[in-house]
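Spelled out from the first residue to the last, the chains are:
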Amino acid sequence: MKTYLNLKLKAEFEHSRSRNCAPPSPVACVVGPNSPSSTIIQCTKHMRMRLPKWDLIQAKLQEFTAALALRQSPSPDSCSNFDISSLLKTTIKCYNPSTADVAEYELLDQLHLFGAEEELIPVLVFIAETALEFPVLFPQPIPCLTQNMNGNIWLSASQATCILANAFFCTFPSRVRSLELEGRHFPDINFFNLYQNTDQRAMRPKVEKLKCLLHYFDRRRRVGMQTEAEEIETMVSFERKCLPPGAVDWAERVDVIGDLAVFSAGSIETAQGCLQVDFANRLVGGGVLGNGAVMEEIRFAVCPELIVARLFTESLADNEVLLVTGTQQYSAFAGYRQSFKYTGDYADPSQLDTRNRKAVQIVAMDALQFGKSFAHSFGQFARAAVERELNKAYCAFREDEGIQVPSTPTQTLPPVASGNWGCGAFNGNVQLKSLIQLMAATAAKRPLVMYTFGNWAEAEALKAMHSVMVCRATSIGQLLKCFDLYYETFSEQVHDDGQAPELSLFEFLHKVI
């Protein structure tokens, strides 16, 4: 069977050195479920043995599929009267003994919500059989995209599905115990936390996220049923981008503020042809496998190939982002947080690029987090905080290899589609974050498209502010110095009184620009 794992890390490391981003050495690799270092202790009456964990995983997943096959077509003398949820939980606990006595996996008791049994069983069988293909699809260890490196990993859609199938059955070794990754910070990949119901309020969003994931597996199962002539094996690439220290002197930038379009309606994920911003956690995916159901978690749930990045992407440093090209959306949805809901199939209209990827680029960039009090959150206007966010956004927006669609060759860099980055739970200032992204997009020579998610007043205020800056030919460096002046003017008042500044940032800029 042909595999499509394409790891261009050696060349990328040389590129990193030329940009003063020192790569780690040696390269850390993912500890796969079939890794020789992944073992399990089994005790008999007379001895205690350490055995390859993959042998037990194979046996249990084969028993799982055999039991489901009996359930689908029971013979008169077969015993197929069992609960599918209990069977799935027992299977996972068999090769994860540390969770056997403490984990209940309550979410799996809700499997009846995902469809009739005759519809669910073929999907579960497909997931188990796909998980068992790991040694074939990954004959070599997968390198990790660790900090302080520029690295690029390409996977076929089948490989991505295999990774997610193993995550579904929680077969990956514990990150804490993986010696190859000792001292590094990676997100969880196994679905343990998704299955656990630690918060009753989170049950509904978790159910909806699991619906999205099962729908993804069902779609992938149906692709596998196509003839070889009908099937096109698409690709997904994951690129870690590192901006060298001191790469941009923002105070000296003379670029005049660039093009901006602002919409109160619409959303980032529907911005076809744009570089789409993911308001990321530094551990990519955030709470997608936990209680979260906000912007990043929803995007990862409806585009599950994004979840794959959690397997090999170390936490993002201040000067790093993750660019993912080629994922497609499988599920339609409505709502946000507690109202988030899977609403059915989604036919992604994106074309394929010349490298067989869906022509969709998503960049994960994490913002600084501030406290809710004005005294704490006003620190985001200080030069160090502003430049951190400028560097992060510029790293995300600067030129990359791009995507080429045969019918529409790209002559210029596509626009950036974004919104209120870091302005929810991270307490960022909407006006400041909008201008920071505009400055970074200008430096990267890209237009910026901003969505205010139904806030018409916010959209109009940003349009008016942009018009003033364009009319007065305001440069990036000039705008940065205006931020400094705003911070110096109101910092003492905010810290002494604990109240908001008497002028908003836009009100202040209208006076001083």
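Small disclaimer: the values here were computed from a predicted structure and weren't measured.

Novice: Help me out: how do you make sense of unusual backbone geometry in this one?
Specialist: The phi torsion of most residues other than glycine is negative, and most of the peptide bonds are trans. One non-glycine residue, Tyr-105, lies in positive phi territory at about 50°. Although it is not a glycine, Ala-473 sits at a positive phi angle of roughly 50°. Position of Ala-473 among the secondary structure elements: in the loop between helix H14 (456–471) and helix H15 (476–497).

Novice: Hey, could you run me through the pattern of salt bridges in this one?
Specialist: As a working rule, side chains carrying opposite charge can pair if their charged atoms are close by. Across all of its chains, the model carries 18 salt bridges by this definition. The salt bridge partner of Arg-221 is Asp-218, with a shortest N-O separation of 2.9 Å. In this pair, Arg-221 and Asp-218 both sit in helix H8 (residues 203–224), three residues apart, roughly one turn of the helix. Its salt-bridge partner being Asp-345, residue Arg-219 comes within 2.6 Å of it at the nearest N-O pair. Of the two residues, Arg-219 is situated in helix H8 and Asp-345 in strand S10 (residues 341–345); the sequence distance between them amounts to 126 residues.

Novice: Where do I start with the side chain of Arg-221 in this structure?
Specialist: A relative accessible area of 16% places Arg-221 in the buried class. Looking at Arg-221, its side chain comes within polar contact range of the side chain of Asp-218, at 2.9 Å. Excluding residues that lie within four positions of it along the chain, Arg-221 makes contacts with Pro-122, Val-123 and Phe-126.

Novice: What exactly am I supposed to notice about the packing of H15 against helix H16 (residues 505–512) here?
Specialist: A pair of packed helices is characterised by two quantities: the angle between their axes and the separation of those axes. For the pair H15 and H16, interaxial distance at closest approach is 11 Å and the crossing angle is 115°. Between H15 and H16, the crossing angle belongs to the class labelled roughly perpendicular. Seen from above, H15 lies across H16 with right-handed handedness. Counting all contacts with H15, which are made through Leu-479, Cys-482, Phe-483, Leu-485, Tyr-486, Thr-489 and Phe-490, the residues of H16 involved are Leu-505, Phe-508, Leu-509 and Val-512. In the contact of H15 with H16, the residues fall into ten nonpolar, one polar and no charged.

Cut-off values and rules
Residues numbered from 1 in each chain as written. Predicted model: local features only at pLDDT ≥ 70, side-chain atom pairs only at ≥ 80, totals over all residues. Heavy atoms only, no water. Helix = DSSP H or I, 4+ residues; strand = E, 2+ residues; numbered from the N terminus. Salt bridge = Lys/Arg side-chain N within 4 Å of Asp/Glu carboxyl O. Buried < 20%, exposed > 50% of the residue type's maximum accessible area, 1.4 Å probe, protein only. Polar contact = N/O pair within 3.5 Å; in protein donor to acceptor, adjacent residues only side chain to side chain. Contact = heavy atoms within 4.5 Å. Axes fitted to C-alpha atoms, helices over the stretch in contact; angles between N-to-C directions. Parallel < 35°, antiparallel > 145°, perpendicular 65-115°, else oblique. Left-handed = near helix turned anticlockwise from the far one by under 90°. Nonpolar A, V, L, I, M, F, W, Y, C, P; charged D, E, K, R; others polar.

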